[in-house]
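Each chain is listed here by its residues.
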Amino acid sequence: MARMVHRFAFLLSALALFSGAARAQGLEGTWLTTNGKAFVEVKPCGQQLCGQIVWLRNPKDASGRPLRDGYNEDATQRARPIMGLPILLGLQAIAASQWQGQIYDPERGKTFDVQLSHAAADRLEITGCGLMGLVCETHVWTRRDWPSAEQAAQ
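All values reported here derive from a predicted model rather than from experimental measurement.

Asks: Please clarify how the layout of surface pockets should be interpreted in this entry.
Replies: Empty space among the atoms becomes visible once a probe the size of a water molecule is rolled across them. In this structure, the largest pocket spans a volume of roughly 870 Å³. The wall of the largest pocket is formed by 34 residues, among which Asn35, Tyr104, Asp105, Pro106 and Glu107 lie closest to the centre. Contributing elements (two or more residues each) for the lining of the largest pocket: strand E2 (38-45), strand E3 (48-56), strand E5 (98-105), strand E6 (110-120), strand E7 (123-130) and strand E8 (135-143). The element contributing the most residues to the lining of the largest pocket is E7, with five residues. Across the lining of the largest pocket, the residue classes tally to 18 nonpolar, nine polar and seven charged.

Dropping the structure here:
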């Protein structure tokens, strides 16, 4: 009987791990931001998920230099290139098709608490809140393949 209980407990643990991995896998991939300025790739980082900028529509500043994290509140981080910048941080599944973590906005230089909802296979709703949760914004990202050579050249 004890052996059967141990097998059942192991099976439940394995199912819990599998279902968590399946939920997280649904978020993995490349996403086009709301304004079409960037692609963000979401992938595992340890036990969580993270996302980094992997493509920018306009990757250079007016001087022709790669964009930098110039608005970062931490002056020591302002030389970081925007390309490759981690912006989704510490995402953890909280329910079926829902995650929470943080998002870094390089256009404001600030990090916000965020909740993500995978509303459809190609649609991700991202809600970030600031000012102690009093002001929130929701953006919709769409799952897309990498830009074509023509799109990347634009």
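Asks: Where do I start with the sheet that holds E2 in this structure?
Replies: Judged by pairing direction, the barrel is antiparallel, and its eight strands sit side by side in the order E1-E2-E3-E4-E5-E6-E7-E8 before closing back on the first. The mean angle between the axes of side-by-side strands here comes to 35°, regardless of whether they run parallel or antiparallel. Sheet topology places E3 next to strand E4 (residues 86-95); three bridges connect them, and they run antiparallel. Pairing of Gly51 across the sheet is with Leu88, part of E4.

Asks: What is the right way to look at the packing of aromatic side chains in this model?
Replies: Any pair of aromatic rings gets described here by the distance separating the centres and the angle formed by the planes. All told, the structure shown has one aromatic pair when counted by the stated rule. Centre to centre, the rings of Phe39 and Trp55 are 5.2 Å apart; their planes meet at 75°, and the pair counts as edge-to-face. Pair noted here: Phe39 is in strand E2 and Trp55 is in strand E3, with a separation of 16 residues, a long-range link. For Phe39, a relative accessible area of 5% corresponds to the buried category. One residue, Arg80, lies across the ring of Tyr104, its end atom 5.7 Å from the ring centre.

Asks: What's the story with the state of the cysteines in this structure? I'm lost.
Replies: The bond known as a disulfide is covalent and runs between the sulfur atoms of two cysteines. Inspection of the entire model under this criterion finds two disulfides. The disulfide bridge from Cys45 ends at Cys50, spanning 1.9 Å between sulfur atoms. Judged by the sign of its S-S torsion, about 60°, the cystine formed by Cys45 and Cys50 is right-handed. Looking at Cys45, the relative accessible area reads 31%, which means it is partly exposed. Here Cys129 is linked by a disulfide to Cys136, with a sulfur-sulfur distance of 2.1 Å. As the torsion about the S-S bond is roughly 105°, the Cys129-Cys136 disulfide counts as right-handed. Look at Cys129 and you get partly exposed, because its relative accessible area is 25%. Residue class for Cys136 comes out partly exposed when judged on its relative accessible area of 42%. The disulfide pattern of the protein chain is 1-2, 3-4 when the bonded cysteines are numbered in sequence order.

Asks: Would you explain the side chain of Asp69 in this entry?
Replies: Note on placement: Asp69 falls in the loop between E3 and E4. A polar contact of 2.5 Å, which involves the side chain of Asp69, links it to the side chain of Tyr104. In contact with Asp69, other than residues within four places in its own chain, are Gln77, Arg78, Arg80, Ile82, Leu85, Tyr104 and Pro106.

Asks: How should the pairing of E2 be read in this particular structure?
Replies: On a regular strand, one side chain projects to one face of the sheet and the next to the other, so that they alternate. Across four bridges, the pairing between strand E1 (residues 29-32) and E2 is antiparallel. Residue pairing across strands places Gly29 opposite Val42, the latter belonging to E2. Connecting the antiparallel pair E1 and E2 is a turn made up of five residues, with Gly36 showing a positive phi of about 70°. In the sheet, E2 pairs with E3 via eight bridges, with the strands oriented antiparallel. Bridged to Val40 within E3 is Ile53. The loop that links E2 with its antiparallel partner E3 comprises two residues; one of these, Gly46, has a positive phi angle of about 70°.

So, how was this worked out
- Residues numbered from 1 in each chain as written.
- Predicted model: local features only at pLDDT ≥ 70, side-chain atom pairs only at ≥ 80, totals over all residues.
- Heavy atoms only, no water.
- 1 Å grid on protein atoms, 1.4 Å probe; cavity = no way out; pocket = protein on both sides within 12 Å on 5 of 7 lines; lining within 4 Å.
- Points joined across faces, edges and corners; volume = space filled by probe spheres on them.
- Helix = DSSP H or I, 4+ residues; strand = E, 2+ residues; numbered from the N terminus.
- Nonpolar A, V, L, I, M, F, W, Y, C, P; charged D, E, K, R; others polar.
- Pairing = 2+ DSSP bridges.
- Axes fitted to C-alpha atoms, helices over the stretch in contact; angles between N-to-C directions.
- Phe/Tyr/Trp six-rings, centres within 6.5 Å; stacked < 30°, edge-to-face > 60°.
- Buried < 20%, exposed > 50% of the residue type's maximum accessible area, 1.4 Å probe, protein only.
- Lys NZ or Arg CZ within 6 Å of the ring centre and 35° of its normal.
- Disulfide = S-S within 2.5 Å.
- Polar contact = N/O pair within 3.5 Å; in protein donor to acceptor, adjacent residues only side chain to side chain.
- Contact = heavy atoms within 4.5 Å.

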